[in-house]
Number of protein chains: 2
Amino acid sequence: MNSIRRTWLPYLPEDVPSHCEHCADVATFELSLGCPRLGAAVPELRIDPDMGEGYRIFSKDGKVLILGGARGVLYGAYALLEALAAGDAPPEGVQRPFYGMRMLDCWDNPDGSVERGYSGRSLWFEGGGFRWEPRRIRQMGRMLASVGINVLCVNNVNVHPEAEGLIEDAGLPELARFAAALRPFGVRLMVAVSFAQPMRHGIPTADPLDPAVEGWWAGRADAVWRAVPDLAGFLVKADSEHNPGPFTYGRSHAEGANMLARAVAPHGGALVWRAFVYNCAQDWRDAETDRPMAAYQTYAPLDGQFDDNVILQVKHGPFDFQVREPVSPTLLAMPDTRLALELQLAQEYTGHQIDLYAMNPMWRALTGDLPPEKVVAVAAVSNLGRDDNYTGHPFAAVNLYGYGRYAWNPQVDPERAIRRWARLSYALPDGQEEALVQALLNSRAIYEKYTAPLGLCWMVKPGTHYGPDPWGYEFDLWGTYNRADRDAVGIDRTAAGTGYVLQYPPALRKRYESPETCPDALLLFFHRLRYDYVMRDGRTLIQRIYDDHFEGVEAAEAMAEALAGLDLPEPDKTEARERMALQLKNAREWRDVVNTFFRRLSGADDAKGRLIYN
Amino acid sequence: MNSIRRTWLPYLPEDVPSHCEHCADVATFELSLGCPRLGAAVPELRIDPDMGEGYRIFSKDGKVLILGGARGVLYGAYALLEALAAGDAPPEGVQRPFYGMRMLDCWDNPDGSVERGYSGRSLWFEGGGFRWEPRRIRQMGRMLASVGINVLCVNNVNVHPEAEGLIEDAGLPELARFAAALRPFGVRLMVAVSFAQPMRHGIPTADPLDPAVEGWWAGRADAVWRAVPDLAGFLVKADSEHNPGPFTYGRSHAEGANMLARAVAPHGGALVWRAFVYNCAQDWRDAETDRPMAAYQTYAPLDGQFDDNVILQVKHGPFDFQVREPVSPTLLAMPDTRLALELQLAQEYTGHQIDLYAMNPMWRALTGDLPPEKVVAVAAVSNLGRDDNYTGHPFAAVNLYGYGRYAWNPQVDPERAIRRWARLSYALPDGQEEALVQALLNSRAIYEKYTAPLGLCWMVKPGTHYGPDPWGYEFDLWGTYNRADRDAVGIDRTAAGTGYVLQYPPALRKRYESPETCPDALLLFFHRLRYDYVMRDGRTLIQRIYDDHFEGVEAAEAMAEALAGLDLPEPDKTEARERMALQLKNAREWRDVVNTFFRRLSGADDAKGRLIYN
């Protein structure tokens with residue numbers, strides 16, 4: 001009867017009942033369900049409205065108490081259950097999330113498709129609108145709440161025409177019903193809207209300075225918040241990849257965002273504006289335009305001009321979720337703007353939830369260059385879908401879990417987050433847990449080695465973004481070139497080149513400016529180098545490329561062997577084994593294509609005489 | 001009221017009435033419509049059933065007579081009208097087609113899409129089945145009859161599941177209705193069928209030696225021919241690009257084809273079997289397997305084993321309708337098999353009916369290596385669609401017209417065919433007609449110069465097959481590699497290489513075996529050569545590649561200028577101008593991408609100092 005997978009919450013094997021209306025109801029239910037199973041007494045809940053999302057777990061008179069805000073008690077309940085399940089002590093003292101908005105951005109379309117989705121179709125859309133299975137949505141709500149995610153943007157930032165209906169009168173009852181389903185889990189909805197939507201309603205323009213446009217949005221916001229009073233806000237992708245925006249009318253992005261911000265402000269809504277603007281019709285012959293520079297050029301001059309309820313959502317790197325990018329300079333250049341950091345759990349460029357790629361180590365490294373307080377919120381593109389296990393690869397759930405942990409506390413130790421997920425999900429014997437944790441901890445480094453060399457980016461197959469195609473994007477419109485030739489590879493982004501490094505503050509600029517100080521992993525992101533360039537460790541650039549690719553496959557093979565020995569439950573074991581076989585195939589393909597590509601160009605043999613195909 | 005475009009038949013400005021049931025009815029109507037308009041008396045028709053498709057136009061007692069078989073009188077009528085319209089004398093003596101089956105293969109799917117269609121959606125399918133506009137179908141029937149095309153395969157050789165319904169009981173009434181619509185024009189239908197179709201009907205196998213399978217097909221053929229007594233036959237693409245076939249059951253293609261041939265033989269049907277078998281999951285690392293060798297390897301050993309009513313349909317080149325290929329050796333290796341030559345009017349690899357590409361010169365050149373009597377039939381993939389002008393580019397109609405002329409007489413002079421089409425379609429002033437004829441005559445040479453260099457093939461964008469992508473297919477599964485590196489390019493297909501040349505008879509083998517005797521246009525099809533290889537005219541290979549690409553664009557620009565001066569009627573003038581602008585863009589893109597690709601690899605500068613991008 002109970003076929004719903006419990007992911008990292010196996011100790012909650014029954015559904016949250018539909019009559020739970022408030023977070024406290026859910027907290028009470030979960031504790032009464034989980035504590036006895038975990039051999040603990042059910043604690044007492046006490047609500048202190050002033051604590052908001054915070055909570056404190058403590059003992060008094062031999063009894064455990066959870067004190068917290070309306071939502072905080074729920075987070076406290078999950079924290080206690082998790083500690084019990086993991087065999088740890090619960091966190092001490094008052095716990096509060098570092099970021100107030102911890103968003104999950106779903107790229108789901110009303111037709112049921114998911115853009116860049118690798119876990120099956122949409123969990124809540126089909127056939128043009130909402131169509132969801134309440135039990136699964138409650139299980140998902142529980143998963144999100146258990147790691148503190150508190151905003152769900154339900155639809156794709158590329159707003160399909162049908163999705164415009166979500167905020168039109170006919171669509172509001174369904175939106176409200178869906179919002180109500182997630183409300184007990186402390187998850188507020190957000191909706192992605194199209195900047196041009198007024199034009200569907202008899203207004204001949206979407207000019208943000210046109211009073212009719214402003215009036216339409218104000219009226220629409222009134223109606224939407226009447227239906228969903230706790231809606232978190234609107235999300236907008238404007239002037240990006242063929243989406244309409246203020247540029248059409250000669251207006252700045254501050255003018256565009258602020259108009260919408262004024263519409264949602266009376267309702268306490270946020271206006272999240274995506275800073276993903278670049279020329280997606282670049283001529284490959286044009287060596288002056290450098291796509292990573294685009295967001296900074298568009299937004300940095302607008303710092304201080306955005307309304308208080310605008311949040312500018314910036315991808316972590318200047319390109320687009322590649323395996324290795326430096327931090328986006330835009331994130332460091334707008335002290336007077338409320339910024340959100342955008343991550344991507346959906347493994348668009350990082351293995352399609354076939355190849356293993358655990359992200360916490362990468363996010364943690366990011367905090368080295370981007371102090372967490374530089375942004376006020378975090379968002380991540382969802383990796384959820386209708387697959388039984390929600391994330392395609394059962395291990396890909398580690399990224400949803402780990403994202404919640406990171407959003408709550410960006411300083412979270414990656415190893416601790418990954419180990420927690422592994423222990424909660426599988427409770428393996430010690431050695432096996434260690435094998436799984438180490439595999440996940442190293443998974444990104446392995447993936448990076450057999451795919452993109454040294455920060456070069458974009459060697460993926462166009463369209464799918466899975467598998468190698470070194471020149472697939474080379475003569476195309478996307479601004480994503482490696483400009484490899486028989487002597488050298490890469491684009492000079494120093495002051496002598498495109499000048500991209502000048503967008504960074506002095507310390508980072510200095511680090512990246514010279515190949516001598518630039519980290520190896522980003523060498524070809526910032527520099528154009530000859531194949532015979534001698535790196536710090538004495539190897540030539542070309543030899544390093546070869547070595548990485550051979551070693552990456554060897555490491556993937558070793559990882560596959562280690563994971564094959566785990567006593568995982570079914571169907572996880574089979575799912576993981578099948579995907580690992582595909583990952584090995586993918587890894588070998590990357591190794592051979594990239595090595596052959598560079599050998600054909602450079603003519604250089606492998607110093608160790610390993611097989612490179614002609 | 002009359003919005004149907006008349007293509008090359010402007011002197012027949014009224015529709016053929018629906019009550020015309022026989023070819024003679026149509027002939028009578030067309031003559032009574034056209035002759036007065038062309039200032040001639042209406043001739044007398046006389047039917048001699050023994051003449052079949054033949055006819056004779058002659059004068060007797062001051063009156064013109066057309067004597068011919070049941071279908072021949074119709075061809076005679078169109079021949080007379082065409083001569084009148086062109087201001088020529090009608091052909092003298094008895095005229096008979098060289099090939100008895102002159103097929104047009106449509107890649108139309110019941111959902112209305114057309115695979116590799118560049119003229120809009122299907123003219124007869126939509127929403128899962130037949131849905132056609134009788135007036136347009138009759139106009140199309142008239143076009144086909146006017147150039148002698150006598151078989152129309154209605155559906156895609158890649159048989160979509162819905163298309164299997166065409167020959168099932170529920171589909172037969174519609175098939176019969178459509179056949180009846182074309183019958184007055186002397187056009188018989190053919191249907192592409194799926195080898196595995198019996199498995200849709202409770203038979204657990206499609207093994208051709210299984211009696212249940214054989215019985216199912218025999219019964220099906222009975223039912224189909226009861227509904228369409230003059231059906232021309234079945235067309236099958238088996239064991240090709242994921243289609244099912246005899247190989248699944250360890251049977252030869254002769255065993256597979258003969259089983260179906262026995263089913264259709266009692267009804268006088270032909271079984272057309274497509275010889276397009278190759279490994280479409282090749283590993284690019286595998287340098288032994290050479291795709292052009294595949295058809296010969298599969299079929300040549302079967303020569304003499306096919307039943308009399310089997311026609312083996314072989315593409316003209318060993319690859320797949322590339323701009324330049326040598327003749328398929330399979331066509332020269334099967335003297336005891338009835339072969340059909342397959343051409344492609346749909347400009348899949350040759351410009352998508354955007355770029356000009358008139359094919360008669362290419363077909364005529366083919367007869368130099370392939371004596372016309374080596375094959376018993378010709379087929380061409382259709383370029384027809386629902387666009388007003390039927391062929392996307394109004395000038396692309398020249399290929400449908402010219403194909404009919406070629407199928408009737410493969411020795412037809414390409415210039416004469418093209419000039420006829422131009423004169424009939426547009427009746428331009430002399431100088432302008434000459435400009436149009438010269439543009440079309442040279443169009444393939446121009447396209448070839450700015451795209452594929454020297455027979456290299458497959459430098460197109462994967463998927464669409466429009467625009468350049470030199471390594472788009474290089475690391476893929478399709479057996480289509482150029483293996484370019486910093487020193488050389490091409491695959492050695494001589495005896496010292498893959499041995500492909502050994503599939504040819506001695507004279508061709510000798511010609512292609514050495515770069516000294518191999519025609520320049522095929523140099524890189526047969527040979528792997530260094531960029532500094534010195535060609536017969538003293539140029540290096542790399543310089544020749546650069547020169548061709550610069551010259552190709554210059555020639556396209558000159559052609560565009562010449563055509564811009566033509567006094568074409570609208571909408572042809574606008575359509576042609578818009579497409580020519582796109583062609584120039586495409587030509588420049590090809591020039592720059594191919595030149596840059598080879599310059600990056602070779603490091604060679606252009607001897608004339610023209611701009612090659614980095």
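Just so we're clear, the structure is a prediction, and the values are computed from it rather than from any experiment.

Caption draft 1: Structural detail: the overall build of chain A. For chain A, the count of helices and strands is 16 helices and 15 strands. Relative to the compact-globule value of 25 Å for 614 residues, chain A shows a C-alpha radius of gyration of 25 Å, a close match. The buried share among the 614 residues of chain A stands at 55%. By sequence separation, contacts in chain A at least 24 residues apart represent 69% of the contacts at least 6 residues apart.

Caption draft 2: Main features of the packing of helix α9 (residues 360–369) of chain B against helix α11 (residues 414–426) of chain B. Residue and element names in this part refer to chain B. α11 packs onto α9 with a crossing angle of 155° between their chain directions and a minimal axis gap of 9 Å. When the interaxial angle is binned, α9 and α11 end up roughly antiparallel. Here α9 runs over α11; the crossing is right-handed. Of the residues in α11, those touching α9 at Asn360, Pro361 and Arg364 are Pro414, Ala417 and Ile418. Residue classes in the contact of α9 with α11 are distributed as four nonpolar, one polar and one charged.

Caption draft 3: The arrangement of the interface of chain B and chain A in detail. The interface is formed by 17 residues belonging to chain B together with 17 residues belonging to chain A. For the side of chain B that touches chain A, the class distribution of residues is eight nonpolar, two polar and seven charged.

Caption draft 4: Structural detail: unusual backbone geometry. Residues and elements named next belong to chain A. With an omega of 5°, the peptide bond between Glu570 and Pro571 qualifies as cis. Here Pro571 lies in the loop between α15 (541–564) and α16 (572–602). For Gln353, which is not glycine, the phi torsion reads 55° and is therefore positive. Mapped onto the secondary structure, Gln353 falls in the loop between β12 (339–344) and α9 (360–369). For Gln353, a count of 27 C-beta atoms within 10 Å corresponds to the buried category. Although it is not a glycine, His465 adopts a positive phi angle of roughly 65°. Among the residues examined, His465 registers 20 C-beta atoms within 10 Å and is labelled buried.

Caption draft 5: Layout of helix α2 (residues 72–86) of chain A. Residue and element names in this part refer to chain A. The terminal C-alpha atoms of α2, which comprises 15 residues, lie 21 Å apart, in line with the 21 Å expected from a rise of 1.5 Å per residue. A large share of α2 lies buried, amounting to twelve of its 15 residues. Taken as a whole, α2 has its buried residues at Gly72, Val73, Leu74, Tyr75, Gly76, Ala77, Tyr78, Ala79, Leu80, Leu81, Glu82 and Ala85. Tucked inside the fold, the buried residues of α2 contact α1 (23–37), β1 (44–47), β2 (55–60), β3 (63–68), α3 (134–146) and α11 (414–426). Backbone geometry just after α2 places Gly87 at a positive phi near 75°.

Quick notes on the rules
Residue positions are given per chain, counted from 1 along the sequence in the order it is written. Each chain is given a letter, starting from A, and each ligand a number, starting from 1, according to the order in which they appear as written. Per-residue local features are limited, in this predicted model, to residues with pLDDT of at least 70; the limit for side-chain atom pairs, both in listing and counting, is 80 or more; totals at the level of whole chains, interfaces and linings are taken over all residues. Strands are runs of DSSP state E lasting at least two residues, helices are runs of H or I lasting at least four, and both sets are numbered from the N terminus onward. Based on C-alpha atoms, the radius of gyration is set beside the globule rule, defined as 2.2 Å times the residue count to the power 0.38. Three exposure classes are used, all based on how many other C-beta atoms lie within 10 Å of a residue's own C-beta (placed from the backbone): buried at 20 or more, exposed at 12 or fewer, and partly exposed between those limits. Here the contact rule is simple: place C-beta atoms from the backbone, and any two residues whose C-beta atoms are within 7 Å are in contact. To obtain each axis, a line is fitted to C-alpha atoms, and for helices this fit is confined to the stretch in contact; angles are then taken between N-to-C directions over 0 to 180 degrees. Note on angle classes: values under 35 degrees are labelled roughly parallel, values over 145 roughly antiparallel, values of 65 to 115 roughly perpendicular, and the remainder oblique. For any pair of crossing helices, the crossing counts as left-handed if the nearer helix is rotated counterclockwise from the farther one by less than a right angle, and right-handed if it is rotated clockwise. Three categories are distinguished: nonpolar for Ala, Val, Leu, Ile, Met, Phe, Trp, Tyr, Cys and Pro, charged for Asp, Glu, Lys and Arg, and polar for the others, with Gly belonging to the last. A helix is expected to span 1.5 Å multiplied by its residue count minus one.

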